[in-house]
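Here are the chains, one letter per residue:
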Amino acid sequence: MKKRFLHIVIYLIGLMTCSVAYIVWCHISTLRIPCLFHSLTGLYCSGCGVTRMCLALVNLDFKTAFYHNRAVFICLPIGLLLGIKLLIQYVKTGSVKLSLRQTQLLWIMIVFLIAFGILRNIPQFYDLRPPI
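Treat the numbers as computed from the prediction; the structure is a model and nothing was measured.

**With respect to the packing of helix α3 (residues 50-58) against helix α5 (residues 70-93)**
Put simply, α3 and α5 touch, their axes get as near as 10 Å, and they point 60 degrees apart. Between α3 and α5, the crossing angle belongs to the class labelled oblique. In this structure, the crossing between α3 and α5 has a hand that is right-handed. Where α3 approaches α5, its residues V50, M53 and L57 are matched on the opposing element by V72, F73 and L76. Across the contact of α3 with α5, the residue classes break down as six nonpolar, no polar and no charged.

**Considerations on the nonpolar core**
In this structure, M53, A56, L57, A65 and V72 together form the largest nonpolar core, which totals five residues. When near neighbours in sequence (up to four residues on either side) are disregarded, A65 contacts M53, A56, L57 and F73.

**What to know about the packing of aromatic side chains**
Going through the model one piece at a time under the given rule, you end up with one aromatic pair. Summarising the aromatic geometry, the rings of F66 and F73 are spaced 5.6 Å apart at their centres and angled 80 degrees between planes, so their arrangement reads as edge-to-face. We classify F66 as partly exposed; its relative accessible area is 32%. Sitting above the plane of the Y126 ring, R129 keeps its charged end 3.7 Å from the centroid.

**Thoughts on the layout of surface pockets**
Quantified by volume, the largest pocket comes out at close to 520 Å³. What lines the largest pocket is a set of 18 residues, and nearest its centre among them are L15, M16, S19, I23 and C54. If you list the elements that add at least two residues to the lining of the largest pocket, you get α1 (2-28), α3 and α5. Per element, the largest residue contribution to the lining of the largest pocket is eight residues, and it comes from α1. By volume, the second largest pocket amounts to about 330 Å³. Residue lining of the second largest pocket: 17 residues in total, with I33, C35, C48, G49 and R52 positioned closest to the centre. Within the residue set of the lining of the second largest pocket, elements represented by two or more residues are α2 (36-41) and α3. With three residues, the single largest contributor to the lining of the second largest pocket is α3.

Cut-off values and rules
- Residues numbered from 1 in each chain as written.
- Predicted model: local features only at pLDDT ≥ 70, side-chain atom pairs only at ≥ 80, totals over all residues.
- Heavy atoms only, no water.
- Axes fitted to C-alpha atoms, helices over the stretch in contact; angles between N-to-C directions.
- Helix = DSSP H or I, 4+ residues; strand = E, 2+ residues; numbered from the N terminus.
- Parallel < 35°, antiparallel > 145°, perpendicular 65-115°, else oblique.
- Left-handed = near helix turned anticlockwise from the far one by under 90°.
- Contact = heavy atoms within 4.5 Å.
- Nonpolar A, V, L, I, M, F, W, Y, C, P; charged D, E, K, R; others polar.
- Core = buried A, V, L, I, M, F, W, Y, C linked by side-chain atoms within 4.5 Å.
- Buried < 20%, exposed > 50% of the residue type's maximum accessible area, 1.4 Å probe, protein only.
- Phe/Tyr/Trp six-rings, centres within 6.5 Å; stacked < 30°, edge-to-face > 60°.
- Lys NZ or Arg CZ within 6 Å of the ring centre and 35° of its normal.
- 1 Å grid on protein atoms, 1.4 Å probe; cavity = no way out; pocket = protein on both sides within 12 Å on 5 of 7 lines; lining within 4 Å.
- Points joined across faces, edges and corners; volume = space filled by probe spheres on them.

Everything listed here is a matter of coordinates, which is why it stays silent on function.
Set out below in structure tokens:
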């Protein structure tokens, strides 16, 4: 159990270090990781605007964060809670098994994100696009 906990802590420290480094990079530079899907097709995927959303969240600007990507903003707390619960389960048991409700919730979020990605490319729903 201690070994699994230490493994998770090391992984999370690495993830946080990379996140902070990218946030600092975004603040000192105008270069961002571009959306490959948007670059190739000109269409907006479900993730377009997530970097700007995260930068707004770092500044505790929830209104702007919501404006940049509404779907991920809504799914983020649900996904974080589910992830924390699964990490705790992994530390305790050494395995991760989704319950029926967790699986259903995950599928609902996936369908929601796909529908959002489709809707934001329909002219009547252009307000779902991230601001440029």
